[in-house]
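Structural features, examined
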Amino acid sequence: MTTLETPSADSQYLNATPIEQLLEDAKKSLDSQMDTIEPTRIFKRNWVDTVRDLRLLHKENELETLVRINDVLLKWLASQCEKNFPDDLSPDLQMFFYSHDFDKNGIVYHLATAGGTRPWQNPGITGKIAVHASSVMNDSQPMYTILGRASVRTVTKPEKNSWIIVDFTPRLVRPTHYSLRHYSTWDTEALRSWVFEGSNDGGDTWKLLSRHNVDSSLNQKGATATWKLADQEHETKEDVLQEFYTHFRVLMTDFNSNRHFYLSCSGFEIYGALKDTEDPNAAARAAMDTLEFIPSYDFDTNGIIYWLGTNRGTSPWKNPGIRGSVRVVSSSLAKDSHPQYAAIGRETVRCVTEPKKSSWFMFDLLQIKVIPTHYTVRHYASFDTECLRNWRLEACNNSQTGADGNWITLMKHVNDTSLNHKGASFTWQIPAQNVAGQAFSQYRLFQFGVNSNQHHYLSISGFDIYGTIVSGHKAQYGAGAQVGGAQAGVAVEQPTGATRKFEHRQDFDTNGLFYFLGCQGGIRSSYTNPADIGMVTVTSSSLMSDSQPLSALVGRISTRCVTKPHQKSWMQINLKEVKIKLTHYTLRHYNSWDTEALRYWNLEGSNDGQSWVPIRQHMDDRALRKSGGSHTWAVDTNHYFSNLRLFMTGRNSNNHWYLACSGVELYGTAFGGIVSERPTGALPQADHVQQHMQGMMGGMPNMAAMNMGGMPMPMPMNPMMPPNMMMPMNAMPPMPPPPNAAARGGDTFAYSRDFDGNGLIEFLATKCNTQQWQNPAQLGVLSIRTSGLMHDSAPLHCVVGKQAVRMVTKPNKHAWVVIDLHDYAIRPTHYTLRHYASWDTEALRNWRFEGSLDGENWKSLREHNNDQSLRFKGQSYTWTLHNVTASYSMFRIFQFDKNSNNHYYLALSGFEIYGDVVRQHQQVMWDEWPRNKSKKLQVDRARNSVFNTGSDDTWQTVKARPALPFDPLTGDAEFSVICERSEPTSNQWKFMVGVTPEEFTCNGSRQWLGSQKSYAYIGGTGGKCFHEPKSLTYGAKWGNLGDVVTVKANAKRRTIEYILNGVSQGVAFNTFAPTGNIYCGASITATGSRLRLMEHVTPRSKPPNMSAPNQALLAAAQQQQQQQAPIFGQPQMPIPPPRGAVPMDGLAAGAAPQAFNFQQMQSDLPNMDMFQVPSSPSTIAYAWDSNLKSQHLAVFPDQVTVTNKGSNDTWQGIVSAMTFSSGRHSFEIHIVNDTKTSNQWKYIVGLVPVNFDPKRTAWLGSQHSWGYIAGTGGKCHISGKSIAYGKRYGGQDRIKVVIDFNTRTIEFHRNDKSQGIAFNNLNGAVRPAVSITGKGSAVRICNIT
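In short, a report on the structure. Worth saying up front: this structure is predicted, and the values here are computed from it rather than measured.

**Things to note about the packing of aromatic side chains**
- Taken as a whole and judged by the stated rule, the model has 45 aromatic pairs.
- Note on phenylalanine 196 and phenylalanine 268: the rings are 6.3 Å apart at their centroids and 45° apart in plane angle, and the pair reads as tilted. Taken together, the residues span a long stretch of sequence, with phenylalanine 196 in strand 5 (residues 194–199) and phenylalanine 268 in strand 9 (residues 267–275) at a distance of 72 residues.
- On the accessibility criterion, phenylalanine 196 (0% relative accessible area) is buried.
- Taken together, a centroid distance of 5.2 Å and an interplanar angle of 25° make the contact between tyrosine 375 and tryptophan 428 stacked. Of the two residues, tyrosine 375 sits in strand 13 (residues 369–378) while tryptophan 428 sits in strand 16 (residues 425–429), which places them 53 residues apart along the sequence.
- You can call tyrosine 375 buried: its relative accessible area is 0%.
- A residue is classified by how much of its surface remains accessible, and tryptophan 428, at 2% relative accessible area, is buried.
- Lying over the aromatic face of phenylalanine 299, arginine 378 brings its terminal NZ or CZ to 3.9 Å of the ring centre.
- The side chain of arginine 1340 reaches across the aromatic face of tryptophan 929, ending 4.9 Å from its centre.

**A closer look at the pairing of strand 25 (residues 613–618)**
- With six of six residues buried, strand 25 is to be regarded as a mostly interior element.
- Across five bridges, the pairing between strand 24 (residues 601–606) and strand 25 is antiparallel. Along strand 25, the bridge assignment pairs asparagine 602 with glutamine 617.

**Some thoughts on unusual backbone geometry**
- The step from threonine 169 to proline 170 runs through a cis peptide bond, and the omega angle for that step is 5°.
- Here proline 170 shows up in the loop between strand 3 (163–167) and strand 4 (172–181).
- Cis geometry is found at the peptide bond from arginine 961 to proline 962, where omega equals -5°.
- Note on placement: proline 962 falls in the loop between strand 40 (956–961) and strand 41 (972–981).

**Some points on the packing of helix 1 (residues 19–30) against helix 4 (residues 71–81)**
- Where helix 1 contacts helix 4, the axes come no closer than 11 Å and their chain directions differ by 115°. As helix 1 runs across helix 4, the sense of the crossing is right-handed. In contact with Leu22, Leu23, Asp25, Ala26, Ser29 and Leu30 of helix 1, helix 4 contributes Val72, Leu73, Trp76 and Leu77.
- Classifying every residue of the contact of helix 1 with helix 4 gives eight nonpolar, one polar and one charged.

**Points about the sheet that holds strand 33 (residues 859–864)**
- Within the open sheet, the five strands sit side by side as 29-30-35-32-33. Their pairing is antiparallel. Each edge of the open sheet is held by one strand with a lone partner, namely strand 29 (783–786) and strand 33. Here the average twist between neighbouring strands, direction ignored, is 15°.
- Pairing of strand 30 (residues 816–820) with strand 35 (residues 890–895) involves five bridges; the strand directions are antiparallel. Bridge pairing in strand 35 places aspartate 820 opposite methionine 890.

**Focus: the pattern of salt bridges**
- Enumeration over the complete set of coordinates arrives at 38 salt bridges.
- The residue glutamate 850 makes a salt bridge to arginine 892 at a minimum N-O spacing of 2.6 Å. With glutamate 850 in strand 32 (residues 847–852) and arginine 892 in strand 35, this pair connects stretches of sequence that are 42 residues apart.
- Using a relative accessible area of 12% as the deciding quantity, one classes arginine 892 as buried.
- The partner of lysine 935 in a salt bridge is aspartate 1293, and the shortest N-O contact between them spans 3.4 Å. You can see lysine 935 sitting in the loop between strand 37 (925–926) and strand 38 (937–940) and its partner aspartate 1293 sitting in the loop between strand 57 (1275–1277) and strand 58 (1294–1300), a full 358 residues away along the chain.

**Some words on the sheet that holds strand 6 (residues 207–212)**
- The five strands lie next to each other as 2-3-8-5-6, forming an open sheet whose pairing is antiparallel. Strands with a single pairing partner mark the edges of an open sheet, and in this sheet they are strand 2 (130–133) and strand 6. Between one strand axis and the next, the sheet turns by 15° as a mean value, whatever way the strands run.
- As defined by bridge partners, strand 3 adjoins strand 8 (residues 247–252) across five bridges and the pair is classed as antiparallel. Residue pairing for strand 8: isoleucine 164 is matched across the bridge by valine 250.

**What about the packing of helix 3 (residues 51–59) against helix 4?**
- At a minimum axis distance of 10 Å, the contact between helix 3 and helix 4 shows a crossing angle of 100°. It follows that helix 3 is roughly perpendicular to helix 4 by the angle criterion. Residues Leu54, Arg55 and His58 of helix 3 form the contact with helix 4, whose participating residues are Leu77, Ala78 and Cys81.

**Re helix 1**
- The end-to-end C-alpha distance of helix 1 is 16 Å, a good match for the 16 Å that 12 residues give at a rise of 1.5 Å each.
- Taken residue by residue, helix 1 has Ile19, Leu22, Leu23, Asp25, Ala26 and Leu30 as its buried positions. Taken down its axis, helix 1 places every buried residue within 160° of arc, on the same side.

**With respect to the nonpolar core**
- Among the nonpolar cores identified, the biggest contains 43 residues, and Val799, Leu821, Ile893 and Phe911 are the most heavily contacted of them.
- Elements supplying a minimum of two residues to this core: helix 15 (760–765), strand 30, strand 31 (824–834), strand 32, strand 35 and strand 36 (911–920).
- Apart from residues lying up to four places away in sequence, valine 799 is in contact with Ile784, Met807, Val817, Ile819, Leu908, Ser909, Gly910 and Phe911.
- Counting residues in each nonpolar core, the second largest holds 42 residues, with Phe293, Val349, Tyr375 and Val470 among its members.

**Some remarks on the environment of alanine 334**
- Within the fold, alanine 334 resides in the loop between strand 11 (327–330) and strand 12 (360–364).
- Separated by 18 residues in the primary sequence, alanine 334 and valine 352 place their C-alpha atoms 6.0 Å from one another.
- Ignoring any residue separated from it by four or fewer positions in sequence, one finds alanine 334 in contact with Val352, Thr353 and Glu354.

Rules and cut-offs
- Residues numbered from 1 in each chain as written.
- Predicted model: local features only at pLDDT ≥ 70, side-chain atom pairs only at ≥ 80, totals over all residues.
- Heavy atoms only, no water.
- Phe/Tyr/Trp six-rings, centres within 6.5 Å; stacked < 30°, edge-to-face > 60°.
- Helix = DSSP H or I, 4+ residues; strand = E, 2+ residues; numbered from the N terminus.
- Buried < 20%, exposed > 50% of the residue type's maximum accessible area, 1.4 Å probe, protein only.
- Lys NZ or Arg CZ within 6 Å of the ring centre and 35° of its normal.
- Pairing = 2+ DSSP bridges.
- Axes fitted to C-alpha atoms, helices over the stretch in contact; angles between N-to-C directions.
- Left-handed = near helix turned anticlockwise from the far one by under 90°.
- Contact = heavy atoms within 4.5 Å.
- Nonpolar A, V, L, I, M, F, W, Y, C, P; charged D, E, K, R; others polar.
- Salt bridge = Lys/Arg side-chain N within 4 Å of Asp/Glu carboxyl O.
- Parallel < 35°, antiparallel > 145°, perpendicular 65-115°, else oblique.
- Expected span 1.5 Å × (residues − 1).
- Arc of directions from axis to C-beta.
- Core = buried A, V, L, I, M, F, W, Y, C linked by side-chain atoms within 4.5 Å.

Structure (structure tokens):
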């Protein structure tokens, strides 16, 4: 007989515990034979996913009404629901459950995304988690990268008992699982024996959570593993798995897999319960007369030492040790050290004690008392070594000499490796429990062990502290003041005129102050360098003789702008009547070299050009790495400045004093001069730069530059440009004005009224306005996802339904609904929502409407804060979307705060969207033939997209098949591409899109679009090019995420026009005169960048008849057959649609078009013999001879491609119709599709005698033939033995065979690299041939000479 356990007061579960876990525990408690599958299914069907859902059901007396669930089980569940749950009492307690290695359910990921509300950012960089290690290898990535999402090289030095500590302070974690990832360098050096420990006292004592002895879970680079702590060996004397910890440590106990002591780790995640602890004294302090100092970054202008150095924010910075507002005392200093006050300075200098044990520095704030929260230290300037490793931060209020007094420890550092090179700085968060709300005026760094060089020098060149001042400041400040700016406490200057905000979106966008000044606030129709028209003045400490004029500092192009190599070089900009309070600023490195980049410098501000205040300091800042590279930094200041200065405080990346900079842009709030005169003036939409150098310098990147000496500098040269094309600087013509951009009209889905039938959802629901309305989600043309539906909600497809129904999510914080348009993308102008049908309340109030192309990276299109537009059940409302230039295929309604009833339900039962629409192209597809696709590109046929797998920023190009169809009446042809992913690249041109002739090839040195008589529109410059590597002035730049470029070619008018995001850039070419087929083309440089082939859709567009891959396959096959000559005068046989080509009308709900591959093609065309070409007469001289082939090979309609239909991995051979008997010749075999096979040789490429019969023996090497073997790299002749010769081949490799009858030699080339002479016994007439084993493998013969 089963008895129920007596319910206890407290539950062992949390509200977030999955219902599956509760049922499993019930099975253990009640009856081990109990079936939990059916109860699980019933609960899931009623939307009960967690204990919280179960408790709500029980509270509503609905739990006992569930049928087909054992009564005993129901009573047990009810008893569990009546207990006290720990997260009821602690609402800040959250549970995180493991699903798979490095999923998105862990605590580290949660902190990195602020609970899923922001894009992922490493929490070690944002300061939410701290990471320390016993040591760090010189070539290791920073230790915080173990919190990252990618495998990198993160490794300690090979020391015994190496360790890594992850510090979650002030948060507490009760762990259930933890995950590790091996580093990216080698398969070896992996962890084998270690312990995983936790600490809740700051790292003083550790408790064993998991012991690993010769654990081989991590066995290759990037490998991951997760351990459930309950299943591991851990301390049993106390329930350590029920405690909360702030620190976790991975401690090596023996050798790694390579018998070394390197601790290699490139990933850490942890699961369990998370509790955010609050400072118990925060409320009390808020009631006091306080002044709070909040850190932003190392040695910002928010610290208390900086505040005192500016005389409490009333004067320019001066070392407070010199001012007398801070007293610095230390143990004895080294003879060559700077004075003690240098320890609180703003420059990196040599400040160091003598090498005595127990060295120290004390910082006395005199009358100022602080409750500290953070502190920052900078290492000195002499060496990378001698860094602090073992020290305490101490505090007191009664020390006279620094050696006396009652010191308490605020933070203890044991082998802390945060400081690891000269000038390095770090900011630590001081544990609140150690401070305990106490205020101190004296702080001491006390070194109790050796430094990083095993010495007792205490080296420091910077110190600042943050927190809340509770006394010593009341004469100037009121209660509760907060300091977060550069001049804390200064009476902030009030603007004397109208202000304008300049908001940063991306580097050198059109939102900055200098762009505004260059357009004179919109008076000019295009941009001109503001220094050239007198809007600003620019000066510098010096200028190199071969530098461009200093006005380039505020220009829009990358050029050579550089000072002479004098110590403390500077560049200064005077804004004249304008003043700006900065929020961001952008710099661009010059275009001569990747080196000579800024590393140590200050951005400083002034209003008189004499007294300078540091706004932001940069210490070993490596953001600028490439020639022409740019970066934007956030700035925190409360002051307006009319003068800005870049001031070098240390050497650049090449250890020189050259200050190299060719671009500055400023963002923030400005007033004065033309800014106040035109605070709302409209600016030109596109960034048309009218500088005298733009025509050529907007060309391709990676330009060569002369050295930094006094030698005159020629025009930077394109790597593809021959020397005779170089043009001197003064010979470059001025840029003509931009074309008048006209918006295309009449082709968009235009909003008239709510749910007017003109939107995209209606268009999809009526199958392009051709049929009666059907729910598009049920048709499968779009899909919908949500954070979770209520059990009584209508189905999810009702989000795009016609009626108001009860469609509502669970009341989870940050609830969301995603609409995925699949093959469609839209540049939205309006969107409509409808409230649900249940109540007037629970209506949306605080949400963001977001767009995405991948479902991971979301762009906010409009944010609604307390928007009360929806007030009644079933009511709809439409919002306008302003300044949205990108297109998206996914949209999300993301609720970031409570609804109108102060709940988190997201109620929604209608959605419509309007704008300019494109869809996946139905007639042409990116081609995968090696001739039509560069090697580093990969085609995704299901999405008709192409992406760069890694080309080191060199050009990779693709063509589409079949040829573009031109309208026979109008002569028009059109296609579009959408930029689905845009990654950084050193190549300034970034992308190109356009059209190519038939003879264009995507391999070789001139494979970029614009060469080989092709036409291109350049992304990075907005220029155009034809047949030569020169960017001619044309339109706006493109290449941002979501940009849509439409190419319109007209064969009758001989024009090519480009349309960017719905705006015509004008006619680019008027010499377009095609003599043959014309093809879509695109070029990409950046690894990971992706372009999708699309077509423009209007409300008049027809529905697609079949999936894009199948339609393109059929069209390509038909075009290839039409180009063949009739065989023996017979008419060509029509090609049937591929088997499996599904009409769009026949797609089941949720079905997706099938992707095309070569194996599918050979099965789609069952009788391939219908395409065979007889050896005589033959339309192609070197075509495969269909009479000389093995049984299971099939020749494609192009006559030069052959595939293996399936031979059980036995050899299949085929011979070309071409015969060679004298002289020197060559041909190439391209591997088009490489498949797996059990035959290790895979392919053999080579030559056969004219009497070779592949039906007798199909492998090359037999019957006196000669072959080069793919799988071994060997060669064979006469015998079936692989003799060592060259490199193996496969994938999409190209094999060239060179035959010389004069020397009787045969030589093979792999991807244009010779493998050497293979044979020297060539004899008699021969033919090209190939042998294949794998099913679906395909090769092509070409380039016969």
